Amino acid sequence: MFEKLKEGREIAQFQNKWINIMSNLGKFNKMKQTYSLNNVVKTQYGYKADILIVDGLRFKELEDIKDTIEDNYGCMCVLNKNKRSNVVYADFIFAEPNKDKYSVITGLKPWEVYLGNGYNGEPIIIDMIKYPHILITGGTRSGKSKMTDCIITGLICNCSIEELELYLSQVAKSDLILYEDVKQCRAFADTLEKTLTMLQHLDKKMEDRDKLIRPYRKKAMADNYQDYNKINKGNKLSTVFVIFDEMSSLFQTKGDCTDIKSLKEEIVRLIRRIAQFGASLGVFLICSLQRPTVDNLDPFIKSQSTCIISFRQNNSKSSEVATDDSTMALGLEQREFVYKTNLSNYGIVPLVDNKNIYSFIEPSLQPNHRTIFIDLKKLKNIKVSKEKIEENSKETPIFDKVDKKEPQLNTSNIPNYVPYKDTKGLKVKEEPRMPINTQKPIKGGKERI
Ligand SMILES: Nc1ncnc2c1ncn2[C@@H]1O[C@H](COP(=O)(O)OP(=O)(O)O)[C@@H](O)[C@H]1O
Ligand SMILES: [Mg+2]
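What this report covers is the structure whose coordinates are included nearby.

The rules behind the values
Residues numbered from 1 in each chain as written. Chains lettered and ligands numbered in written order. Predicted model: local features only at pLDDT ≥ 70, side-chain atom pairs only at ≥ 80, totals over all residues. Heavy atoms only, no water. Axes fitted to C-alpha atoms, helices over the stretch in contact; angles between N-to-C directions. Helix = DSSP H or I, 4+ residues; strand = E, 2+ residues; numbered from the N terminus. Parallel < 35°, antiparallel > 145°, perpendicular 65-115°, else oblique. Left-handed = near helix turned anticlockwise from the far one by under 90°. Phe/Tyr/Trp six-rings, centres within 6.5 Å; stacked < 30°, edge-to-face > 60°. Buried < 20%, exposed > 50% of the residue type's maximum accessible area, 1.4 Å probe, protein only. Near = heavy atom within 4 Å. Polar contact = N/O pair within 3.5 Å; in protein donor to acceptor, adjacent residues only side chain to side chain. Areas by Shrake-Rupley, 256 points an atom, 1.4 Å probe, with all protein chains shown as cover.

1. Digging into the packing of helix α5 (residues 192–218) against helix α8 (residues 258–281)
So, point 1. Close contact between α5 and α8 brings their axes to 9 Å; oriented N to C, the two are set at 30 degrees. Taken as axis vectors, α5 and α8 run roughly parallel relative to one another. The way α5 lies across α8 gives a crossing that is left-handed.

What follows is the structure, given as structure tokens:
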């Protein structure tokens, strides 16, 4: 009873302050009505309310004064409005980031990705079928890699090798190396050359999957890999994640020699193909990027990412580039993030450390398990012994092979060779495979956003 009274008084104070803020900002229509707070509820994290947009005022104006509201209340404010509604769903977050330790959420499907927790304490799980491709940005040491740890560990602990394939690329640092020996990891690429090989393999995989699904599409029986899996229960397609931790260097070619430059361009072209075609084929991108600028954030990849996550940005320009809102990602603490799907909201990555992650993934570790690079090495050995040339221990840069110098290899020559279920052999040669109907490529792949 006493608690109820206290809560009622707090809500009344909260509402009075709203009127004060609006009066001081002069946000009234000619009938002296302001944005009105309705259904105010006290929550674990602060307050939530429905804000009615009264006649003569606009949602845009409310968004413009969001930073004043935040400064006056001393909270974070989230505003969401559906296009066909005059009510704004608002959250006022007063809670400090909690100190929960990471633990695996069980029972997730291979296409369900755990990002962290909301301020209501509920886990934030993104359905990749609904919101394919995730883009994570944020200043240095803001918590991007730790979120990636949560995502990958959640997938590994919930999915079998048949259900999940991980392709990891890390050209700059080596945080992802923790997952190299995980049995669901089909490739760990720590060089540009390996990254290209990995993407060529994925391009082939997408082509094969497209061929499998197309007949069903023609008969309107299946639109994507999930529909296909429902029909082909005995021969299901896995969910594939292609994860780039820190991809900005791929877009920075200033000072690179011509070879590296064209290598990066080819890599970016193949990533864009995944962004364009991957979703319905079960191939999803998770890209992370520091300090987003118009030069290193590819507008095509951004536009195809239906889940955009931003950790703390250091200035309003970066916040604008990352979230299309100049204040949304400012002033966040380490581990705090804003995520945008059809709605936007804030969340917090639980506390993660390497030991903690290692203990979760340990049962899935299988050193020297089969990866695409091991397969390629086998292919190379066969070729070498056939031609009776001494094997050069230095790996041939795969990029040379793109110049169509490499003859096509017959995988049936490999003893005990078992192709991955949905791949009918490995080809190293690169060819255009699926029709791309985008407009003329933007010069250098960049465009002002
Ligand atoms: N969720 C978290 N749990 C524990 N420590 C964190 C977390 N997020 C960030 N940190 C701390 O911040 C540092 C940088 O985090 P990291 O995820 O590597 O940042 P980024 O990848 O954005 O540069 C970590 O080494 C750790 O000390
Ligand atoms: Mg990092």
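Following the structure, the description resumes.
2. Let's talk about the packing of aromatic side chains
So, point 1. This structure, assessed with the given rule, holds 14 aromatic pairs.
So, point 2. Between the aromatic rings of Y47 and F94, the centroid separation amounts to 5.9 Å while the plane-to-plane angle is 85 degrees, which identifies the pairing as edge-to-face. Of the two residues, Y47 sits in strand β2 (residues 46–52) while F94 sits in the loop between β4 (87–93) and β5 (112–118), which places them 47 residues apart along the sequence.
So, point 3. Overall, F94 belongs to the partly exposed group, its relative accessible area being 31%.
So, point 4. For the ring pair F337 and Y339, a centre distance of 6.0 Å and an interplane angle of 50 degrees mean the geometry is tilted. For the pair formed by F337 and Y339, the shared burial category is buried.

3. Regarding the site of ligand 1
So, point 1. Within the structure, ligand 1 sits among 14 residues, and R141, K144, S145, Q334 and P350 are positioned closest to it.
So, point 2. Taking R141, its main chain carries an N or O atom lying 2.7 Å from an oxygen atom of ligand 1.
So, point 3. At a separation of 2.7 Å, an oxygen atom of ligand 1 approaches a polar side-chain atom of Q334.
So, point 4. About the coverage of ligand 1: the protein hides 81% of its 540 Å² of free accessible area.

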